[in-house]
Amino acid sequence: MICPNCGREIPDGTICPCALEATALPLSDNPAVNALKTTGSSGLGLALAVLLSLSALLAIFSSLGTSQALDNLYYYAYTAGLDMDLILSMMSYSRSSAVASAVLGSIPAILAAVAAWVHFGTCRSRDSGNISTAGLTIYKALAYISLIGLCLISLLVIGGLGLAIFAVVAASFPLDSFGGQFGGYGQDEAQLALIIIFATIAAFFAFFMALAIGYQAGLIRTINRAKAVAATGLADSRVSNYVIGMNYVLAGCCIVSGLFSLFFSPLSAIASFVAGAGWILASLQLSRYRKAMNLVLFPPVMPPMPQPVYAPPQPEPAPQEEGQPPQA
């Protein structure tokens, strides 16, 4: 038999799985918001929040490892007979600056973990049919900060390289600082070589920065669309494929970095593996979110029931007169 609800073919006398799924209460009466809440409260959302929290803890543990290394340096200085007062003051300053830099560096990771837990909690809650966009707003603020920082760095570096090229062209670059020796080449050839070097560095730097800026811009657009779904209840399945792909690329880079640092710094290797797993889970969650929204926009339609085929009625034979042979 065929289920009249979803069109699935099931054995006769059995209950379709879609009936069992329908018994579970939805997280929201709105289908689009329900898809958003279901994706955010799934096991992937919980695992992502745990990994982001673990990443923040690893940042704190790295600062503790720095303090232990400074204590070992203090012991080596004591055995070498150096001035301990000077070494102690230098170590105190280095320790405080290292801890401060570690705390400041871990603030984005802490905020990302907080955003993940807030989003997971509001998606799991049944108190309201809607969700709070506080977690998405934190994600968006971090993306905007990264976007602005990348734009400023790109402007400064590329602008500096452009000024260097202009200085070389204007013959005001201090080539005399090299002692006037250019490996047997004249000053014109040296200027041309410097222009090519600076232009190549600027081109490669602009390419990679464009990739990073495009990633942050795509992430911001995806977050804005998710917030619009929560605000209006209208389904929107537009998720940036570039963001999903770049997450996998970043995950691969983190895994390779962790493999290289596994034998030198196990803590850094673990942090890289955790970051790579987080990027992978983020891509999987975005893909699941897009699939859920597509189901809302294009719900499955029950296939048409096959119509029975009836044979056309056959005309009755004409009555025969007595004494005539039967007609073929």
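These remarks concern the structure in this document.

What counts, and where the lines are drawn
- Residues numbered from 1 in each chain as written.
- Predicted model: local features only at pLDDT ≥ 70, side-chain atom pairs only at ≥ 80, totals over all residues.
- Heavy atoms only, no water.
- Helix = DSSP H or I, 4+ residues; strand = E, 2+ residues; numbered from the N terminus.
- Buried < 20%, exposed > 50% of the residue type's maximum accessible area, 1.4 Å probe, protein only.
- Patch = residues over 30% accessible without salt bridge, like charges linked within 9 Å, V, L, I, M, F, W, Y side chains within 5 Å.
- Areas by Shrake-Rupley, 256 points an atom, 1.4 Å probe, with all protein chains shown as cover.
- Salt bridge = Lys/Arg side-chain N within 4 Å of Asp/Glu carboxyl O.
- Core = buried A, V, L, I, M, F, W, Y, C linked by side-chain atoms within 4.5 Å.
- Phe/Tyr/Trp six-rings, centres within 6.5 Å; stacked < 30°, edge-to-face > 60°.
- Disulfide = S-S within 2.5 Å.
- Axes fitted to C-alpha atoms, helices over the stretch in contact; angles between N-to-C directions.
- Parallel < 35°, antiparallel > 145°, perpendicular 65-115°, else oblique.
- Left-handed = near helix turned anticlockwise from the far one by under 90°.
- Nonpolar A, V, L, I, M, F, W, Y, C, P; charged D, E, K, R; others polar.
- Expected span 1.5 Å × (residues − 1).

Regarding its fold elements, the protein presents 8 helices and 0 strands. Taken from N to C terminus, the helices and strands of the protein fall in the order α-α-α-α-α-α-α-α. Each of the 328 residues in the protein was classed as buried or not, and the buried ones make up 30%.

Right, let's get into a nonpolar patch on the surface. Taken together, the side chains of Leu-54, Leu-57, Ile-60 and Phe-61 define a hydrophobic patch exposed on the protein surface, amounting to about 340 Å² of accessible area. The partly exposed category is assigned to Leu-54, whose relative accessible area is 36%.

Residues Leu-36, Ile-131, Val-229, Val-239, Leu-286, Tyr-289 and Met-293 are the most contacted members of the largest nonpolar core, which totals 19 residues. Those elements giving two or more residues to this core turn out to be α2 (31-40), α6 (187-232), α7 (241-260) and α8 (266-297). The dominant element in this core, judged by the number of residues it contributes, is α6, at 5 residues.

Once that is clear, we can look at the packing of aromatic side chains. Under the definition given, this model contains 3 aromatic pairs. Pairing Trp-117 with Phe-120 gives two aromatic rings, centres 6.3 Å apart and planes at 85°, and the pair type is edge-to-face. In this pair, Trp-117 and Phe-120 are both assigned in helix α4 (residues 84-124), 3 residues apart and thus about one turn of the helix distant. Taking the centre distance of 5.3 Å and the plane angle of 70° together, the rings of Phe-207 and Phe-208 count as edge-to-face. When its relative accessible area of 48% is taken as the criterion, Phe-207 is described as partly exposed.

The tally for this structure, following the rule as stated, stands at 0 disulfides. Here Cys-253 stays free of any disulfide, with the sulfur of Cys-254 as its closest cysteine sulfur at 7.0 Å.

The subject of this paragraph is the packing of α7 against α8. Contact geometry for α7 and α8: axes closest at 8 Å, N-to-C directions at 160°. Taken together, the axis directions place α7 and α8 in an arrangement best described as roughly antiparallel. Crossing angle aside, the handedness with which α7 passes α8 is left-handed. Along the lines of polarity and charge, the residues of the contact of α7 with α8 split into 16 nonpolar, 8 polar and 1 charged.

Time to look at helix α5 (residues 134-169). In a regular helix each residue adds 1.5 Å, so 36 residues correspond to 52 Å; α5 covers 52 Å between its end C-alpha atoms and thus fits that length. Those residues of α5 that fall on the buried side of the exposure criterion are Gly-135, Leu-136, Lys-140, Leu-142, Ala-143, Leu-147, Leu-150, Ser-154, Leu-161, Ala-164, Ala-167 and Val-168.

That's the geometry; what it means functionally is another story.
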